[in-house]
Amino acid sequence: MPKIGVLALQGDFEAHRTALERAGAEAVEVRTAAGLDAVDGLVIPGGESTTMLKLIDAENLLEPLTAFGQSKPIFGTCAGAILLANEVLSPKQHSLALVDLTVERNAYGRQIDSRIVTLHPEPASGLPESLEAVFIRAPIIRRMGDGVKVLARYGDDPVLVEHGRHLIATFHPELTADASIHRRFLAKVTQG
Ligand code: GLN
């Protein structure tokens, strides 16, 4: 059984723990560099990326997290996606810069603070034909580097993408009952 850490500094890490367990993983909360050493993959949850970044900096975790992502898979959701992207807009902020993406924060505007939509993932993704997705003050992926693979779009916007070992969702897969996206992450972890 893969052992997956959930970065538990801020945000909805608890829901990810439950979702990972439903998907068949052992899930533990991670708050330190030593905690990172003990896991095979990491989820960075949704929340508030600016706050999370401040806590990461305060705990001296920026370098250990970046090093972790250079050899092990990370699944970033919403604020976690923002932390993985190598360019963040609106406003600009630093990040772990592990995935070649430009993301614009809060890009759907105030009117659609949060909504639930049905996605139809790419047939080749191996994911169910339709999936519910919860968006909460979500970012939009504005640019993707070579090698970034789109697994699902909402309208024209890529919302679930993969880059090498990393998985990125601009929505909250931990808030719906279907565990197939978490299972896909587990497959990435076990396949190495
Ligand atoms: N708007 C948040 C940010 O910019 C992300 C929201 C979320 O994770 N649900 O960090």
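Quick summary incoming for the structure in this document. What you are looking at is a predicted structure, and each value in this text was computed from that prediction instead of being measured.

### Side note on the sheet that holds strand β5 (residues 85-89)
Each strand in a sheet pairs with its neighbour through backbone hydrogen bonds, running either in the same direction (parallel) or in the opposite one (antiparallel).
Thought 1: Here 3 strands make up an open sheet; going across it, the order is β5-β6-β9 and the pairing mixed. Each edge of the open sheet carries a strand with a single partner, namely β5 and β9 (140-144). Averaged over neighbouring strand pairs, the angle between their axes works out to 30° when direction is ignored.
Thought 2: With 4 bridges connecting them, β5 and strand β6 (residues 99-104) associate as parallel partners.

### Things to note about the pairing of β6
Working note: regular strand, side chains alternate between the two faces of the sheet.
Thought 1: In this sheet, β9 lies alongside β6 in antiparallel orientation, the contact comprising 4 bridges. Bridged to L101 within β9 is M144.

### Concerning helix α6 (residues 180-191)
Thought 1: In a regular helix each residue adds 1.5 Å, so 12 residues correspond to 16 Å; α6 covers 16 Å between its end C-alpha atoms and thus fits that length.
Thought 2: Every buried residue of α6 is accounted for by S180, I181, H182, F185, L186, K188 and V189.

### With respect to the site of the ligand
Thought 1: Taken together, the neighbourhood of the ligand is formed by G46, G47, E48, S49, C78, A79, I82, R105, N106, I136, R137 and H172.
Thought 2: A79 has a polar backbone atom sitting 3.0 Å from an oxygen atom of the ligand.
Thought 3: At 2.8 Å, a side-chain N or O of H172 approaches a nitrogen atom of the ligand.
Thought 4: When the ligand sits alone it has 300 Å² of accessible area, and the protein chains cover 98% of it.
Thought 5: Under a 2 Å grid-point criterion requiring more than half of the atoms, the pocket assigned to the ligand is the largest pocket.
Thought 6: Within the shell around the ligand, the residues separate by chemical class into 4 nonpolar, 5 polar and 3 charged.

### Structural notes on the packing of aromatic side chains
Thought 1: Within this structure, the stated rule accounts for 5 aromatic pairs.
Thought 2: Their ring planes at 50° and their centres at 6.3 Å tell us that Y108 and Y154 sit as a pair that is tilted. Taken as a pair, Y108 in the loop between β6 and β7 (114-119) and Y154 in strand β10 (residues 148-154) lie far apart in primary sequence, 46 residues in all.
Thought 3: Here the aromatic rings of F135 and F171 are separated by 5.6 Å at their centres, their planes lie at 45°, and the arrangement is tilted. Highlighted residues: F135 in strand β8 (residues 131-136) and F171 in the loop between β12 (166-169) and α6, separated in sequence by 36 residues.
Thought 4: Among the residues examined, F135 registers a relative accessible area of 4% and is labelled buried.
Thought 5: Under the relative-accessibility criterion, F171 is labelled buried at 1%.
Thought 6: What links up through ring pairs into an aromatic cluster is the set Y108, F135, Y154 and F171.
Thought 7: Just above the ring of F13 sits the side chain of R31; from NZ or CZ to the centre is 5.8 Å.

Parameters at a glance
Residues numbered from 1 in each chain as written. Predicted model: local features only at pLDDT ≥ 70, side-chain atom pairs only at ≥ 80, totals over all residues. Heavy atoms only, no water. Pairing = 2+ DSSP bridges. Helix = DSSP H or I, 4+ residues; strand = E, 2+ residues; numbered from the N terminus. Axes fitted to C-alpha atoms, helices over the stretch in contact; angles between N-to-C directions. Expected span 1.5 Å × (residues − 1). Buried < 20%, exposed > 50% of the residue type's maximum accessible area, 1.4 Å probe, protein only. Near = heavy atom within 4 Å. Polar contact = N/O pair within 3.5 Å; in protein donor to acceptor, adjacent residues only side chain to side chain. Areas by Shrake-Rupley, 256 points an atom, 1.4 Å probe, with all protein chains shown as cover. 1 Å grid on protein atoms, 1.4 Å probe; cavity = no way out; pocket = protein on both sides within 12 Å on 5 of 7 lines; lining within 4 Å. Sits in = over half its atoms within 2 Å of the grid points. Nonpolar A, V, L, I, M, F, W, Y, C, P; charged D, E, K, R; others polar. Phe/Tyr/Trp six-rings, centres within 6.5 Å; stacked < 30°, edge-to-face > 60°. Lys NZ or Arg CZ within 6 Å of the ring centre and 35° of its normal.

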